[in-house]
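Descriptive analysis of the structure
Chain by chain, the residues run as shown.
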Amino acid sequence: MQEKNILLKLELQPNTTLDEVLDILSDNIIGYDESFSYIEKKLVLLMLRSYSISEKVTINFKCPHCNRVNDQSITINDIIKEPSQQSVDIKGVEYKVKFCVDELTQENLHAFTHHSEDEIDELSNKDFEVLFNFINDNRYMLDFTYVCKCFSCKESVVQCFDDEQFILKSLSEDDVMSLYNTVNDLVFHGRYSKYDVDNMLPFERNIFLGLVLETINKLK
Ligand SMILES: [Zn+2]
């Protein structure tokens, strides 16, 4: 409990890192692989939020044209851009695009297809090049930019929201009323004690609540 209280204070500081959050979560909630790249870690946390709280998240930003603060709702799943073509045929073999958001290099091409590293190594130079170029043009991408019109001056605003602190904050968006409902649901449906709930971190509360609600829905 003492550790949690320290973290509770830490959470309010602007220097809590993604790794610290993932470390806490990895024991209980998610199968988290230490070899994840930075961008995969961000995606894991956003998906966790999408799954346990809501896939909508509100972003606040100041319009660069009129300086008014805008609230806009974004959908987390929209961050993942699907490839325009899902597979390519090279000499009668179909190569399907696999979900991977790493940086593409000559060495990791196999990670972007359902074929093994050995199979990719056996390709002729020319076929390798065809596959490489295809994957380069057709792979899953993450797009953290959001384009909208300012509600006040109607100018177009491009906002980037891949900031680590934004992602961490998105895990704990409790206003007073929803916090009350969260505690209520966790205590009455989740059979947690009020003491347990009070000692959870805000994002833990949200994630546990998501899991509790999912269980309730399954039981219905
Ligand atoms: Zn504006």
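Numbering of residues starts from 1 in each chain and follows the order in which that chain's sequence is written. Per-residue local features of the predicted model are confined to residues with pLDDT of at least 70, and side-chain atom pairs are confined, for both listing and counting, to 80 or more; whole-chain, interface and lining totals are unaffected and use all residues.

1. Here we look at the pairing of strand β2 (residues 69-75)
Three exposure classes are used, based on other C-beta atoms lying within 10 Å of a residue's own C-beta, which is placed from the backbone: buried for 20 or more, exposed for 12 or fewer, and partly exposed in between. By the criteria applied, helices consist of DSSP H or I runs no shorter than four residues and strands consist of E runs no shorter than two, each listed in order from the N terminus. Counting buried positions over the 7 residues of β2 gives 0, only a small fraction of the element. Two strands form a pair only when DSSP identifies at least two bridges running between them. Here strand β1 (residues 56-62) folds back onto β2, and the loop between the two strands holds 6 residues, one of which, Asn67, carries a positive phi near 70°.

2. Brief notes about helix α5 (residues 125-137)
A helix is expected to span 1.5 Å multiplied by its residue count minus one. The end-to-end C-alpha distance of α5, which contains 13 residues, comes to 18 Å, matching closely the 18 Å that a straight helix rising 1.5 Å per residue would cover. All buried positions along α5 are accounted for by Leu131, Phe134 and Ile135. An end-on view of α5 places all buried positions within 95° of arc, on one side of the element. Exposed side of α5, more than 90 degrees from the buried face: Asn125, Lys126, Glu129, Asn133, Asn136 and Asp137 are the residues found there. In this fold, the buried residues of α5 make contact with β4 (87-90) and β5 (93-96). This arc describes the spread of directions from the helix axis toward the C-beta atoms. The contact criterion used here is simple: two residues whose C-beta atoms, placed from the backbone, lie within 7 Å are in contact.

3. A closer look at the nonpolar core
Core analysis: the largest hydrophobic core is formed by 18 residues, its most contacted members being Leu45, Leu46 and Leu186. Mapped by element, the contributors of at least two residues to this core are α3 (38-52), α6 (164-170) and α9 (202-219). Counting residues per element, this core draws most heavily on α3, which supplies 5 residues. Both domains that furnish three or more residues to this core are identified here as domain 1 (2-79 + 142-173) and domain 3 (174-220). Among residues more than four places away in sequence, those in contact with Leu46 are Ile76, Ile79 and Ile167. Tyr95, Leu109, Phe112 and Ile135 belong to the second-largest nonpolar core, a separate cluster that totals 7 residues. For the purposes of this analysis, a nonpolar core is taken to be any set of buried Ala, Val, Leu, Ile, Met, Phe, Trp, Tyr and Cys residues that are connected through C-beta atoms within 7 Å. Each domain span listed reflects an automatic or database assignment of domains.

4. Digging into the environment of Leu18
Along the polypeptide, Leu18 turns up in helix α2 (residues 18-28). By C-beta crowding, Leu18 is classed as partly exposed, having 17 other C-beta atoms within 10 Å. With near-sequence residues (within four places) excluded, Leu18 lies in contact with Lys41, Lys42, Leu45 and Glu164.

5. Structural notes on the confidence of the model for the chain
Per-residue confidence for the chain gives a mean pLDDT of 78; residues scoring 70 or more make up 76%. For residues 1-13, every residue scores under 50 in pLDDT, and the model assigns this stretch 10 contacts once sequence neighbours within four places are set aside. What pLDDT reports is the predictor's confidence in each residue, on a scale of 0 through 100.

6. Thoughts on unusual backbone geometry
Most peptide bonds take the trans configuration, and most residues that are not glycine carry a negative phi. Despite not being glycine, Asn67 shows a phi value in the positive range, around 70°. Within the fold, Asn67 resides in the loop between β1 and β2. At Lys154, a position not held by glycine, the phi torsion is positive, near 65°. Within the secondary structure, Lys154 sits in the loop between β7 (145-149) and β8 (156-160). You can call Lys154 exposed: it has 11 C-beta atoms within 10 Å.

7. Considerations on the environment of Val147
Along the chain, Val147 falls in strand β7. Each C-alpha atom of the pair Val147 and Gln159 lies 6.2 Å from the other, and the pair is 12 residues apart in sequence. Discounting residues that sit within four places of it in the chain, Val147 has contacts with Ser156 and Val158.

8. Focus on the pairing of β5
When β4 meets β5, the two strands line up antiparallel, connected through 4 bridges. The partner of Asp89 across the bridge, within β5, is Glu94. Taken together, β4 and the strand that follows it, β5, pair antiparallel across an intervening segment of 2 residues, in which Lys91 is found at a positive phi of about 50°.

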